[in-house]
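Descriptive structure summary
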Amino acid sequence: MRSTFDFTPYRRSTVGFDRLFDAFETAARTGAGDNYPPYDIERAGDDAYRITLAVAGFKPGEIELTAQQNLLVVTGKRADGDEGRNFVHRGIATRAFERKFELADYVQVKGATLNDGLLAIELVREVPEAMRPRKVAIGGAQPTLDLEAANETAEDKKAA
């Protein structure tokens, strides 16, 4: 039985939704994957977010953050420092990991901190001024363009 959904018919009849369909397909592929390390995503304000990953046992130099357009990649590779240690039980996972987060448009990574085994990544959505909604004033009874004058000027140019 097939566990994925085929978006091909919808791709043919829509314009500009390619990124949305790609996100659905990526989520379907990675949804059943590895859940390490566990993480939380919280809203810290109207346009601020925080991703918190549980990375017990990792030092700041063993974790790498890469911010690309619409993608945040967190990788961790622990340095071999367990030589000579004899574990009776090993319950703290210290395996290498790579966790990817799809970011919305205009979301920027502002910083990251590692405290008490929790990596907190601060994100802020900064929409450019040209892309923000703006109010357009509605004029009074006077038209803003004198259409008759514009038509006469156009007719004069044609006659010349």
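The paragraphs below set out a description of the structure included in this document. (Residues numbered from 1 in each chain as written. Predicted model: local features only at pLDDT ≥ 70, side-chain atom pairs only at ≥ 80, totals over all residues. Heavy atoms only, no water.)

Topic: the layout of surface pockets
Note the cut-off: Put simply, the grid is 1 Å and covers the protein atoms alone, a cavity is a trapped set of points that fit a 1.4 Å probe, a pocket is an open set with protein on both sides within 12 Å along at least five of seven lines, and lining residues have an atom within 4 Å of a point. Grid points are joined across faces, edges and corners, and a volume is the space filled by probe spheres set on the points. Secondary structure follows DSSP: runs of H or I at least 4 residues long count as helices, runs of E at least 2 residues long count as strands, and numbering of each begins at the N terminus. For this classification, Asp, Glu, Lys and Arg are treated as charged, while Ala, Val, Leu, Ile, Met, Phe, Trp, Tyr, Cys and Pro are nonpolar and the rest, including Gly, are polar.
For the second largest pocket, the calculated volume is near 150 Å³. Every residue lining the second largest pocket is listed: A67, Q68, Q69, N70, L103, A104, D105, Y106, V107, Q108 and V109. At the level of secondary structure, the elements contributing two or more residues to the lining of the second largest pocket comprise β3 (63–68) and β6 (107–115). Partitioning the lining of the second largest pocket into residue classes produces 6 nonpolar, 4 polar and 1 charged.

Concerning the nonpolar core
Inclusion rule: Here, the term nonpolar core denotes a set of buried Ala, Val, Leu, Ile, Met, Phe, Trp, Tyr and Cys residues that are joined through side-chain atoms within 4.5 Å. Relative accessibility thresholds used throughout: buried, under 20% of the residue-type maximum; exposed, over 50%; partly exposed, between the two (1.4 Å probe, protein chains only). Only heavy atoms matter for contacts: two residues are in contact if any of them lie within 4.5 Å across the pair.
By size, the foremost hydrophobic cluster in this structure holds 15 residues, and its most contacted members are I51, L53, V55, L72, V74, L119 and I121. Where this core is concerned, the elements lending two or more residues are β2 (48–54), β4 (71–76), β5 (97–102) and β7 (118–125). With 3 residues, β7 is the single largest residue contributor to this core. Among all residues touching L119, those that are not within four sequence positions of it are I51, T52, L53, V55, I63, V74, A112, T113 and L114.

Overview of the side chain of R99
Inclusion rule: In the analysis that follows, any N or O atom pair within 3.5 Å is treated as a polar contact, provided that within protein one partner can donate a hydrogen and the other can accept it, and provided that, for residues neighboring in sequence, both atoms belong to side chains.
Here R99 shows up in strand β5. Polar side-chain contacts of R99 include one of 2.9 Å to the backbone oxygen of P37.

Structural notes on the pattern of salt bridges
Defined as follows: Basic side-chain nitrogens of Lys or Arg form a salt bridge, by our definition, when they fall within 4 Å of a carboxyl oxygen of Asp or Glu.
One pass over the full model with this rule turns up 5 salt bridges. With a closest N to O distance of 2.5 Å, R125 and D47 form a salt bridge. Pair noted here: R125 is in strand β7 and D47 is in the loop between β1 (39–43) and β2, with a separation of 78 residues, a long-range link. Since its relative accessible area comes to 33%, R125 is described here as partly exposed. Exposure remark for D47: the relative accessible area of 33% places this residue in the partly exposed category. Salt bridges sharing common partners tie together E42, R50 and E122.

Side note on the sheet that holds β4
Put simply, the rule is: Two strands qualify as a pair provided that DSSP identifies no fewer than 2 bridges between them. Simply put, an axis is a line fit to the C-alpha atoms, just over the touching stretch for a helix, and the angle between two N-to-C directions goes from 0 to 180 degrees.
As summarised here, the arrangement of the 3 strands in space is β3-β4-β5, forming an open sheet in which the pairing is antiparallel. In the strand order of this sheet, the two ends are held by β3 and β5, each with one partner. Recorded for the sheet is a direction-independent mean angle of 15° between the axes of neighbouring strands. Note: β4 against β5, 6 bridges, orientation antiparallel. The partner of G76 across the bridge, within β5, is F97.

Points about the side chain of E62
Stated formally: The positive count covers Lys and Arg only, the negative count covers Asp and Glu only, and His and the chain ends enter neither.
With respect to the element layout, E62 can be found in the loop between β2 and β3. Of the side chains with opposite charge, R78 lies nearest to the buried E62, which makes no salt bridge, at 4.2 Å. For E62, the contacting residues outside a window of four places in its chain are G57, T75, G76, K77, R78 and A79.

Here's the deal with the sheet that holds β7
Judged by pairing direction, the sheet is antiparallel, and its 4 strands sit side by side in the order β1-β2-β7-β6 without closing on themselves. Among the strands making up the open sheet, the edge pair consists of β1 and β6. Across the sheet, the mean angle separating the axes of adjacent strands is 20° when strand polarity is ignored.

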